[in-house]
Amino acid sequence: MFDSHCHLHDHRMIGDHEAVLEQARAAGVTGFLLAGVSPDGWRDEDAIAKKNPDVCVSYGVHPQLVAETDTQAMVAALAAELAHPTLTMPVAIGEIGLDAYTKERRAVLATQEGIFRAQLALAREYDLPVILHILKAHEEALKILRRDGLPKAGGVVHSYSGSEALLDAYLPLGLHISLAGSVTFKTAVKAPAVARKVPIDRLLVETDAPDQTPEPHRPGRNEPRHLKTIVEAIAEIRGTTPEALAHDTTVNALRLFGLTTVPAKS
Ligand SMILES: [Zn+2]
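Residues numbered from 1 in each chain as written. Predicted model: local features only at pLDDT ≥ 70, side-chain atom pairs only at ≥ 80, totals over all residues.

Below, the discussion takes up the packing of helix H9 (residues 227-238) against helix H10 (residues 242-256). Closest axis-to-axis distance for the H9/H10 pair is 8 Å, and the angle between their directions is 110 degrees. When the interaxial angle is binned, H9 and H10 end up roughly perpendicular. Contacts between H9 and H10 pair Val231, Glu232, Ile234, Ala235 and Arg238 from the former with Pro242, Leu245 and Ala246 from the latter. Split by residue class, the contact of H9 with H10 holds six nonpolar, no polar and two charged. (Axes fitted to C-alpha atoms, helices over the stretch in contact; angles between N-to-C directions. Helix = DSSP H or I, 4+ residues; strand = E, 2+ residues; numbered from the N terminus. Parallel < 35°, antiparallel > 145°, perpendicular 65-115°, else oblique. Contact = placed C-beta atoms within 7 Å. Nonpolar A, V, L, I, M, F, W, Y, C, P; charged D, E, K, R; others polar.)

So this is what it looks like as structure tokens:
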């Protein structure tokens, strides 16, 4: 299993991330992608990746930060890092996108669009896949993706929160869809419908740890070892085995992020 999106560098996890990694490996997680949020976090990702060969990193400026701080300077830092690398080479740019979940975030949507487009341009320039965070702003994000274009390397909509119908807008762009803990919620309607519909060669799985804890581990901190629960839930929805789903989603992640080791089918 490949956890295509987690935050071991988050302050809630950085203190015991080595133990968290060990437990995840014991549960069958063979690869981890740390999703970037801000320049301080990129440095912590770099330190974790240097110690752990099964960990790779992405760097980006999270749309949620736009309402809180000067993200223009952060995007400049990303451009500088890509031009003259000082940290572990990223396998993707992200998370980037649009977030209108709260009224504070919606109020700065125009600024978010500028920050998103600038990072999308960097991803195209360096041809790195993008990790998209899109929450309550799907139409706006799709408009930008269609107008500006994706990198040739493609990308993934992380923790996909859109409807099943919206897949008809995302999939033709060549994007992958990553599913997180919501597929395990007993009351979930949208996520299972999406889990059924995404073509198997476009599907990724993620924990988004320490957020989005799946059932039956709620409440409590989410950890990459819980990826197993998510894979089992999606496999049941799709009528396949967890082993087959783990294999296919791992191959997809390795291909998307340009990683070489493809594990044997088990
Ligand atoms: Zn995230």
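Among the nonpolar cores identified, the biggest contains 71 residues, and Leu34, Ile177, Leu179, Ile230 and Ile234 are the most heavily contacted of them. Excluding its chain neighbours within four sequence positions, the residues that come into contact with Leu179 are Tyr160, Ala191, Val194, Ala195, Val205, Ile230 and Ile234. (Core = buried A, V, L, I, M, F, W, Y, C linked by C-beta atoms within 7 Å. Buried ≥ 20, exposed ≤ 12 C-beta atoms within 10 Å, placed from the backbone.)

With that out of the way, let us pick up the pairing of strand S2 (residues 31-34). If a strand is regular, its side chains alternate between the two faces of the sheet. Burial of S2 is two-sided: the residues Gly31 and Leu33 facing one way and the residues Phe32 and Leu34 facing the other way are all buried. Pairing of strand S1 (residues 2-6) with S2 involves three bridges; the strand directions are parallel. Along S2, the bridge assignment pairs Phe2 with Gly31. Following the backbone out of S1, through helix H1 (residues 17-26) and into the adjacent parallel S2, one traces a crossover that is right-handed. Note that S2 and strand S3 (residues 55-59) share three bridges and pair parallel. When the bridges of S3 are listed, Leu33 appears paired with Cys56. Running through helix H2 (residues 39-51), the crossover from S2 to the neighbouring parallel element S3 is right-handed. (Pairing = 2+ DSSP bridges. Right-handed = clockwise from strand over helix to strand, strands pointing away.)

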